Amino acid sequence: MAGRLQNKVAIVTGSGSSGPGWGNGKAISLLFAREGAKVVGADIDGAAAALTQQMIADEGGYSIAVTADVTRTSDVRSLVQAALDAYGRIDILVNNVGIAVVGGPAELDEGTWDRVIEVNLKSAYLTCHHVLPVMISQRAGAIVNNASVAVHGWAGVNYGAYAASKGAMVAMTRTLAIRHAAEGIRANCVLPGLMNTPLVHAALTRVYGNEGDIANLIRTRDAQCPMGHMGDAWDTAYATLFLASDEAKYITATELLVDGGLSARFA
Ligand SMILES: NC(=O)c1ccc[n+]([C@@H]2O[C@H](COP(=O)([O-])OP(=O)(O)OC[C@H]3O[C@@H](n4cnc5c(N)ncnc54)[C@H](O)[C@@H]3O)[C@@H](O)[C@H]2O)c1
């Protein structure tokens, strides 16, 4: 244990991954535990959350797994209570849950648009709404919201609703960072670029077609990146670790790009 988060209690939403391999929340949970945090991992997929918990336990770390749909008030209230019951405080909140739906106003039906906003944005409102009173009473806390480089422009895919949800997340984060700055609470966003995670495997298949050759689809996406390859969940996790840790004690209301330079190409 290197101890960059020693004895901190961290809620991580979307702590599983939507398929085999490393999703962002899974890597964040493992890394936080390795750095000494007590992790409260929440996922709508209880088995995925439990797998992450088991991996942390296998390494000698501390965590609990909570099955929760973070778009539901009752689930979020139970999640926060579970964290307090297990560990007595909440130092870090990572809003990592998100779904990547391709399409904008022209393509998406109303229900799909609403679902993207609900999962990607309302979930962060709900967790903040229930965690902030705890952080305010502690006069300490760090919130890290997982947005996306898509807030800066066209990321190679028509992510209209997705970009709208993540852009609103950035705006919410900036304002709540200022609102709570004097209370010892920091809030920042990470903006991952094109990352190679299980979510992307499913999305790639939808965008480029299902030739059954995921390696070819990965190469197509790798070629879009200035470095010639996508990032991975650990790149997101290390950036999140920094913003969550006391090393970032004077950093609030900002966004940390983890995009391998992709957005510098947008202009
Ligand atoms: N992969 C990328 O290229 C990329 C780029 C930028 C941002 N992001 C963001 O990173 C985050 C995680 O993405 P990932 O690629 O690791 O995806 P992932 O699908 O592997 O992991 C997301 C997890 O969230 C869970 N989840 C989904 N809806 C939920 C809900 N309502 N309540 C609780 N849990 C729920 C899923 O079950 C899954 O385990 C998302 O917010 C995504 O927008 C990803």
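Residues numbered from 1 in each chain as written. Predicted model: local features only at pLDDT ≥ 70, side-chain atom pairs only at ≥ 80, totals over all residues. Heavy atoms only, no water.

**Student:** Would you mind showing me how to read the pattern of salt bridges here?
**Tutor:** Pairs may arise between side chains of opposite charge once their charged atoms sit close together. One pass over the structure, following the stated rule, counts eight salt bridges. The residue Asp91 makes a salt bridge to Arg89 at a minimum N-O spacing of 2.7 Å. Relative accessible area serves as the criterion here: at 9%, Asp91 is assigned to the buried category. One salt bridge in this structure joins Arg174 and Glu255, with 2.8 Å as the shortest N-O distance. With Arg174 in helix α5 (residues 160-179) and Glu255 in strand β7 (residues 255-258), the pair connects residues that are 81 residues apart, well separated along the chain. Taking relative accessible area as the criterion, Glu255 reaches 22% and is therefore assigned partly exposed. (Salt bridge = Lys/Arg side-chain N within 4 Å of Asp/Glu carboxyl O. Buried < 20%, exposed > 50% of the residue type's maximum accessible area, 1.4 Å probe, protein only. Helix = DSSP H or I, 4+ residues; strand = E, 2+ residues; numbered from the N terminus.)

**Student:** Explanation requested: the packing of helix α1 (residues 24-34) against helix α2 (residues 46-58) in the structure shown.
**Tutor:** Helix-helix packing: each pair is described by the crossing angle between the helix axes and the interaxial distance. Where α1 meets α2, the closest approach of the two axes is 10 Å, and the angle between their N-to-C directions is 25°. Considered as vectors, α1 and α2 are oriented roughly parallel to each other. As for the relative orientation of α1 and α2, their crossing is right-handed in sense. Contact with α1, carried on its side by Lys26, Ser29, Leu30 and Ala33, involves Leu51, Thr52, Met55 and Ile56 of α2 and no other residues of that element. (Axes fitted to C-alpha atoms, helices over the stretch in contact; angles between N-to-C directions. Parallel < 35°, antiparallel > 145°, perpendicular 65-115°, else oblique. Left-handed = near helix turned anticlockwise from the far one by under 90°. Contact = heavy atoms within 4.5 Å.)

**Student:** Help me understand the site of the ligand in this model?
**Tutor:** Near the ligand lie 27 residues; those nearest to it are Ser18, Asn24, Asp43, Tyr162 and Thr197. Tyr162 has a polar side-chain atom sitting 2.5 Å from an oxygen atom of the ligand. Between an oxygen atom of the ligand and a side-chain N or O atom of Thr197, the distance comes to 2.5 Å. If the ligand stood free it would expose 840 Å²; the protein chains cover 95% of that surface. Among the secondary structure elements, those contributing two or more residues to the shell around the ligand are α5 and α6 (198-208). A class-by-class count of the residues in the shell around the ligand yields ten nonpolar, 13 polar and four charged. (Near = heavy atom within 4 Å. Polar contact = N/O pair within 3.5 Å; in protein donor to acceptor, adjacent residues only side chain to side chain. Areas by Shrake-Rupley, 256 points an atom, 1.4 Å probe, with all protein chains shown as cover. Nonpolar A, V, L, I, M, F, W, Y, C, P; charged D, E, K, R; others polar.)

**Student:** Got a minute to help me understand the packing of aromatic side chains in this structure?
**Tutor:** Aromatic rings in a pair are described by how distant their centres are and how their planes are angled relative to each other. For the coordinates displayed, the defined rule picks out two aromatic pairs. Geometrically, the ring pair formed by Tyr159 and Tyr162 is tilted, given 4.8 Å between the ring centres and 45° between the ring planes. Classification of Tyr159 by relative accessible area gives buried; the value is 10%. (Phe/Tyr/Trp six-rings, centres within 6.5 Å; stacked < 30°, edge-to-face > 60°.)

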